[in-house]
Amino acid sequence: MNLLQEATEFITSCYQELNKTQSEIDDRISEITKEIQIDGTYQHLPFEIDYGAKVAWRNSNRCIGRLFWDQMQTFDRRHVETEEEIFMAIIDHMKYATNHGRIRPTITIFPPQTKKHHVRIWNHQLIRYAGYQMENGMIGDPSSIEFTEKCIELGWEPKYGKFDILPLVIQVNNNLPKLFELPQSSTLEVEIRHPEFEWFQDLELKWYGVPLISDMALEIGGLRYTAAPFNGWYMGTEIGARNLADEDRYNMLPQIASCMGIDTKSSISLWKDKALVELNIAVLHSFRDDGVTIVDHHTAAQQFKKFEEKESESGRNVMGNWAWLIPPMSPATTHIFHKPYKNDTVKPNYFYQPKPYS
Ligand code: HEM
Ligand SMILES: N/C(=N/c1cccc(CO[C@@H]2CCNC2)c1)c1cccs1
């Protein structure tokens, strides 16, 4: 579909859902038609872009957190052009979203891609730990090794620590990207301890409180917002069952199992499962104890159930990606595991985009 067709489809569904009249739809579409004829593109009105960002979340088939799709704060930063202004807007977003631990789902929207404009944030997430490939092994987060090497190439000073927060890398048009260090005040972290095992804190594990995705493109009515960082809060398993558990991430299960005194030589002791449960208990306990919003995978699944019920009451089909929606821990203890989901792609939505660096 071309730009005008995408715009027409979006305005029609958006205005109908917002109970606007047919003449309002017709007037808006003829306005947009003129704009596209003159400029080759068009501009969303503030309420259109806010609605579009929320519905894009509602249409995210891989997301278990969609119950709250209509409760997100949208910061319209389409007037922001320079790397420095983008950096400042990102800091504002992080402070507002973090809110001392009472996390608020938030999105900041920078200018869309046009013939003249193209903004990219090179980071996968605004806060993430560096990874270093050394002669005798790896330090930090292995999934960050490639991006960390890019940052060093661009002049970043490596610290070779286990939890070094990476710089922001912001690119406007096809200029050289600019690097910015995040101030401590904008990067809340949680030290991981266990409610019963005193030794757990000696592992010196921590994680950042707010997940802020910065490499996906928000597509609304044919326009692509290639820099539109968004955050929610974490589901505990993301940290406890993947980031700190995967062998090609922080790979903590063997150490935790041996500290628990479990035989790790044979699988039949289910040592991995026992270590996994205690690591996830520790993550949930530490976030809650520090007053940082987090959801366990059982509560998240119940909330998703409520989302399904609300959507069918609104006459909409719920689309989902089953393999992503089931949690990586005890999946069959959730209703999601026991039912199929259609996985059609509906727009507006959030999409992967090509890596801005090679
Ligand atoms: C409010 C709390 C939220 C929770 C607990 C939550 C939870 C999750 C989880 C667990 C995943 C799977 C991630 C993975 O397996 O790596 C996910 C995916 C996703 N979420 Fe949510 N989410 C939340 C809010 C949001 C918001 C505010 C947006 C956007 C406005 C969003 C958009 C997405 C998208 C686009 C994906 C798929 C990412 C991909 O394909 O790589 N979510 N969510
Ligand atoms: N809890 C979250 N989890 C994620 C949501 C989207 C993407 C990701 C990270 O996805 C990576 C790519 C595939 N797994 C890791 C994590 C949120 C991040 C931003 C808003 S909610």
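Cut-offs used in this document
- Residues numbered from 1 in each chain as written.
- Chains lettered and ligands numbered in written order.
- Predicted model: local features only at pLDDT ≥ 70, side-chain atom pairs only at ≥ 80, totals over all residues.
- Heavy atoms only, no water.
- Donors = N, O, S within 2.8 Å, 3.2 Å for Na, K, Ca; no water.
- Helix = DSSP H or I, 4+ residues; strand = E, 2+ residues; numbered from the N terminus.
- Pairing = 2+ DSSP bridges.
- Near = heavy atom within 4 Å.
- Polar contact = N/O pair within 3.5 Å; in protein donor to acceptor, adjacent residues only side chain to side chain.
- Areas by Shrake-Rupley, 256 points an atom, 1.4 Å probe, with all protein chains shown as cover.
- Axes fitted to C-alpha atoms, helices over the stretch in contact; angles between N-to-C directions.
- Buried < 20%, exposed > 50% of the residue type's maximum accessible area, 1.4 Å probe, protein only.
- Contact = heavy atoms within 4.5 Å.
- Core = buried A, V, L, I, M, F, W, Y, C linked by side-chain atoms within 4.5 Å.

A. Layout of the coordination of the iron atom of ligand 1. A lone protein donor binds the iron atom of ligand 1: C63 (SG), at 2.4 Å. For C63, the position within the fold is in the loop between α3 (46-58) and β1 (73-76).

B. The arrangement of the pairing of β1 in detail. As defined by bridge partners, β1 adjoins strand β2 (residues 106-109) across 4 bridges and the pair is classed as parallel. Within β2, the position partnered with Q73 by the bridge is T106.

C. Region of the structure containing the site of ligand 2. Close contacts around ligand 2 come from H124, P211, I213, F230, N231, G232, W233, Y234, E238 and W324, and that covers them all. Within the backbone of W233, a nitrogen or oxygen atom sits 2.9 Å from a nitrogen atom of ligand 2. At 2.6 Å, a side-chain N or O of E238 approaches a nitrogen atom of ligand 2. Protein contact buries 63% of the 500 Å² of open area that ligand 2 shows by itself.

D. Seen up close, the sheet that holds strand β12 (residues 223-225). The 3 strands lie next to each other as β12-β11-β16, forming an open sheet whose pairing is antiparallel. Only two strands of the sheet have a single neighbouring strand rather than two, namely β12 and β16 (349-351). Here the average twist between neighbouring strands, direction ignored, is 30°. Relative to β16, strand β11 (residues 217-220) runs antiparallel, the two sharing 3 bridges. Counterpart to L218 in the pairing with β16 is Y350.

E. Region of the structure containing unusual backbone geometry. Following K347, the chain continues to P348 via a peptide bond in cis, the omega torsion being 0°. Within the secondary structure, P348 sits in the loop between α10 (322-325) and β16. Positive phi, normally seen in glycine, also occurs at H100, with a value near 60°. Inspection of the secondary structure assignment puts H100 in the loop between α4 (83-98) and β2. The backbone phi angle of L270 is positive, close to 55°, even though this residue is not glycine. The topology assignment puts L270 in the loop between α7 (253-259) and α8 (271-289).

F. Broad picture of the site of ligand 1. Lining the immediate surroundings of ligand 1 are 17 residues, of which W57, R62, C63, F230 and Y352 lie closest. Residue W57 places a side-chain N or O atom 3.4 Å away from a nitrogen atom belonging to ligand 1. Between ligand 1 and R62, the relevant distance is 2.8 Å, taken from an oxygen atom to a side-chain nitrogen or oxygen of the residue.

G. Region of the structure containing the side chain of R249. Mapping R249 onto the fold places it in the loop between α6 (236-243) and α7. Take R249: its relative accessible area is 13%, and that puts it in the buried class. A distance of 2.8 Å separates a polar atom in the side chain of R249 from a polar atom in the side chain of D141. One polar contact links R249 to N243, side chain to side chain, over a distance of 3.0 Å. Setting aside residues no more than four positions away along its own chain, R249 makes contact with R128, D141, P142, S143, W207, R242 and N243.

H. Layout of the nonpolar core. Grouped together as the largest cluster of nonpolar side chains are 52 residues, with contacts concentrated most on I90, L205 and L279. Elements with a minimum of two residues in this core: α4, β3 (119-121), β6 (168-172), β9 (206-208), α6, α7 and α8. If one sorts the elements of this core by residue count, α8 sits on top with 7 residues. Not counting residues up to four positions away in its chain, the partners in contact with I90 are F110, I121, L126, L168 and I170.

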